[in-house]
Amino acid sequence: MFGRNNSSDYSRLANNSNPSQSEIQDYLVVRHERRSLYPRAALVGLIAGTIVLAFRAALTGAESLRNELISWAHNSPDYGWMFPVLFVALGTIVSVSLTRRFSPEAAGSGIPYLKAVLHRFRDVKWKSLLPVKFFGGIIALGCGLALGREGPSVQIGGVVGDAVARQLKVSDKERHTLISSGAGAGLAAAFNTPLAGFLFVLEELRRDFQPVVFGAALVSAVVANIVARIGSGQFPLFTIPSYDVPELTSLPLFALLGLVAGLLGIVFNRSILLGIRLYSRIPKHLAIVPIALTGGLVGLVGWFYPSLIGGGHELTETALKGELLLAVIPLFFIIRLILTSASYGTGAPGGIFMPLLALGSLVGLAFGQIAHNYAPGLVIDPAIFAVVGMAAYFTAVVRAPLTGVVLIVEMTGNYSLMLPLLLSCFFAYAITELLKDKPIYEALFERDIRKLNGNAPLRKPTVVEYVIEDGAPFDGKEIRQLGLPKGCIIVGCALGDNEFVPDGHTRLETHMRITTAISPDAHGAVDMLRRGCGIA
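Treat the numbers as computed from the prediction; the structure is a model and nothing was measured.

Peer 1: Let's hear about the overall build of the protein chain: which residues, and what values?
Peer 2: On a plain count of helices and strands, the protein chain comes out with 19 helices and four strands. Whereas a compact globule of 536 residues would reach a radius of gyration of roughly 24 Å, the protein chain reaches 24 Å, a difference of no more than 12%. Across its three principal axes, the protein chain shows a C-alpha extent of roughly 80 × 60 × 45 Å. By the burial criterion, 55% of the 536 residues in the protein chain qualify as buried. Sequence separation of at least 24 residues holds for 81% of the intrachain contacts in the protein chain that already meet a minimum separation of 6. If you sum the accessible surface of the protein chain, you get close to 23,000 Å²; carbon and sulfur atoms cover 62% of it.

So, in structure tokens, the structure goes:
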């Protein structure tokens, strides 16, 4: 059922030139793909969900150990601060060293890495990557670094998809679909958010709405979430009050919140990139010093306020309940922003979903409290703005508004805020696009590619797929008019379910997916294709 299927009969059918028969044959080919792919996607979801569930359980244990250590250390107020400082510093050193020695691909979030894999710039070495991401992530997040579990979970799911595909010896196209599906399954299992995991694949990771990809991602996400709910319960991630539907007269305030979140989201993106640049300039033989100092700083903050370190779940839930004073929110925001940027800069395995949601809840709560002071009739409960602030901030940073809205709804179990969420996310998206700030995963992906190639020619022939965005330079042009460098050829085009081999007179259109073959001698081809398709 899961093995390689012989598709020669379908290939012969596809070559038939009769238009009426061709539609029937296309339907049969798609149905054949679904019959073989969906069971494999379910298998990926089952394995990914099981591993991520174990990852969550291990993190819960590690976080309990950390909190018990801090509580015990307070019994010795004169020198007790040294214990969390040493604990986090040691954990940071071990996790980063483990990653750098055995699997550098496991560093950071892992989502830009998966994007590079799907663009065929990287290969997956799952036998080393999977254990390093699992255990390195437990150590890094468990010791208290200001990172989230969703990045490791997404990468673990994607790697599981690759491993299953290689064991079943499927085609490269199907392998990439299973990698994408596994990534969505990882997010679904990490947060108990199946729809958000599914949408994340379509909106951010793959940006491919083909029915086969659509169905496989949904199957994997649902199966993984069932596994996660069996092991962790069916409750939303955050336990918050049930808020009333806000008055329509308060909608302008939610729009303004979106603008504020958008501007502060740009600050987050730039701080993450700045942290990476600063750490990358440190010579390797001296790197252990700033890594240890970063861990020590996190531990010192944890000594004074334990909820400010780690992923930020406790801090976020406190903000969502409106239990923070306005006077301390700016300080908490700055501390969390610095800790997250520094933690991510070390290269430890960990994501930024949860940290940015924590920051978004702080932004929203501060905005809500200020608005309540000036317009108490419009803003009855400032905590509502904390919920909306998470989605708006996520949209500003990641630039995936649908995923942001659905993610927050599933994480809080509160569907009454759908209209404010949509409005705020729209304005957060609009302001960041207007200011031409790149989404964080896009910026990290481009940095990864530059690091791989050093802006030099590719080392081997590469096949890359792009989707032509609305208003892109290539939109409306014939292939012969593009001026592609020698060694760069567009070998396939697809628009909807219609796939064909183009010629020089083929006119490119918005939303068309093009498959390109790039030789090592095609200097500047990748940058030209990305700009032409409106990606960069």
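Past the structure itself, the notes keep going.
Peer 1: Please give an account of the packing of aromatic side chains that cites residues and values.
Peer 2: Applying the stated criterion to the full structure yields 14 aromatic pairs. Aromatic pair F353 and Y441: ring centres 6.3 Å apart, planes at 35 degrees, arrangement tilted. You can see F353 sitting in helix 14 (residues 353–374) and its partner Y441 sitting in helix 18 (residues 440–453), a full 88 residues away along the chain. We classify F353 as buried; its relative accessible area is 0%.

Peer 1: Residue-level account of the packing of helix 6 (residues 150–168) against helix 7 (residues 172–191), with values.
Peer 2: Running from N to C, helix 6 and helix 7 cross one another at 145 degrees; their axes reach a closest spacing of 6 Å. In terms of crossing hand, the pair formed by helix 6 and helix 7 is right-handed. Seen from helix 6, the contacting residues are E150, S153, V154, G157, G158, G161, D162, A165 and R166; seen from helix 7, they are R175, L178, I179, G182, A183, G186, L187, A190 and F191. Split by residue class, the contact of helix 6 with helix 7 holds eight nonpolar, six polar and four charged.

Peer 1: Can you lay out the pairing of strand 1 (residues 462–467) for me, pointing to particular residues and giving the numbers?
Peer 2: Where burial is concerned, the two faces of strand 1 differ: the one with T462, V464 and Y466 is buried and the one with V463, E465 and V467 is not. With six bridges connecting them, strand 1 and strand 4 (residues 513–518) associate as antiparallel partners. Each bridged residue has a counterpart across the sheet, and for V467 the counterpart in strand 4 is R513.

Peer 1: For the pattern of salt bridges, give the residues involved together with the corresponding values.
Peer 2: Any two side chains of opposite charge can pair, so long as their charged atoms come close to each other. Evaluation of the coordinates by the stated rule reveals 16 salt bridges. Here D162 and R175 are joined by a salt bridge, their closest N and O atoms 2.7 Å apart. Placement of D162 in helix 6 and of R175 in helix 7 is noted, with a sequence separation of 13 residues between them. Using a relative accessible area of 0% as the deciding quantity, one classes D162 as buried.

Peer 1: Go over the sheet that holds strand 3 (residues 498–500) with me, naming the residues and quoting the values.
Peer 2: The four strands lie next to each other as 1-4-2-3, forming an open sheet whose pairing is antiparallel. Of all strands in the sheet, those bounded by a partner on one side alone are strand 1 and strand 3. Pairwise comparison of adjacent strand axes, ignoring direction, gives a mean angle of 20 degrees for this sheet. This element, helix 19 (residues 525–532), spans strand 1, strand 2 (488–495) and strand 4 of the sheet and lies at about 170 degrees to strand 4.

Peer 1: Tell me about a nonpolar patch on the surface, and name the residues and values.
Peer 2: On the surface, a cluster of nonpolar side chains totalling about 930 Å² of accessible area is made up of W72, Y79, W81, M82, F83, L86, L300, F304 and Y305. Among the elements of the structure, helix 3 (82–102) and helix 11 (288–304) are those that each provide at least two residues to the nonpolar patch. Looking at where Y305 falls in the secondary structure, it is placed in the loop between helix 11 and helix 12 (313–320). When its relative accessible area of 33% is taken as the criterion, Y305 is described as partly exposed.

Peer 1: Can you lay out the nonpolar core for me, pointing to particular residues and giving the numbers?
Peer 2: Formed by 121 residues in total, the largest nonpolar core has its most connected members in F191, F268, F353, L356 and Y393. If we skip the residues at most four places from it in the chain, Y393 touches A261, L264, G265, F268, F333, L356, L359, G360 and V363.

Peer 1: Describe helix 14, and please don't skip the residues or the numbers.
Peer 2: In a regular helix each residue adds 1.5 Å, so 22 residues correspond to 32 Å; helix 14 covers 32 Å between its end C-alpha atoms and thus fits that length. Of all 22 residues in helix 14, 18 are buried; the element is thus mostly enclosed.

Peer 1: Hey, could you go over helix 5 (residues 126–143) for me, with residue numbers and the actual values?
Peer 2: Owing to its 3.6 residues per turn, the α-helix brings residues three or four apart onto one side. Here helix 5 contains 18 residues, and its C-alpha end-to-end distance of 25 Å stays within 8% of the 26 Å for a straight helix at 1.5 Å per residue. Along helix 5, the residues classified as buried are L129, L130, V132, K133, F134, G136, G137, I138, A140, L141, G142 and C143. Of the residues trailing helix 5, G144 is marked for its positive phi of about 125 degrees.

Peer 1: Pulling in residues and values, what's your account of the side chain of T510?
Peer 2: Looking at the element boundaries, T510 is found in the loop between strand 3 and strand 4. A polar contact is formed between the side chain of T510 and the side chain of D475, at a distance of 2.7 Å. Every residue in contact with T510, bar those within four places of it in the chain, is listed here: I468, E469, D470, G471, D475 and L495.

Peer 1: Lay out the pairing of strand 4 in plain terms, naming residues and giving numbers.
Peer 2: Within strand 4, five of the six residues are buried, which leaves it mostly tucked inside the rest of the structure. For strand 2 and strand 4, the ladder comprises six bridges, and the chain directions are antiparallel. Considered in strand 4, the bridge of I489 is made with A517.

The rules behind each value
Residues numbered from 1 in each chain as written. Predicted model: local features only at pLDDT ≥ 70, side-chain atom pairs only at ≥ 80, totals over all residues. Heavy atoms only, no water. Helix = DSSP H or I, 4+ residues; strand = E, 2+ residues; numbered from the N terminus. Rg over C-alpha atoms; globule rule 2.2 N^0.38 Å. Buried < 20%, exposed > 50% of the residue type's maximum accessible area, 1.4 Å probe, protein only. Contact = heavy atoms within 4.5 Å. Areas by Shrake-Rupley, 256 points an atom, 1.4 Å probe, with all protein chains shown as cover. Phe/Tyr/Trp six-rings, centres within 6.5 Å; stacked < 30°, edge-to-face > 60°. Axes fitted to C-alpha atoms, helices over the stretch in contact; angles between N-to-C directions. Left-handed = near helix turned anticlockwise from the far one by under 90°. Nonpolar A, V, L, I, M, F, W, Y, C, P; charged D, E, K, R; others polar. Pairing = 2+ DSSP bridges. Salt bridge = Lys/Arg side-chain N within 4 Å of Asp/Glu carboxyl O. Patch = residues over 30% accessible without salt bridge, like charges linked within 9 Å, V, L, I, M, F, W, Y side chains within 5 Å. Core = buried A, V, L, I, M, F, W, Y, C linked by side-chain atoms within 4.5 Å. Expected span 1.5 Å × (residues − 1). Polar contact = N/O pair within 3.5 Å; in protein donor to acceptor, adjacent residues only side chain to side chain.

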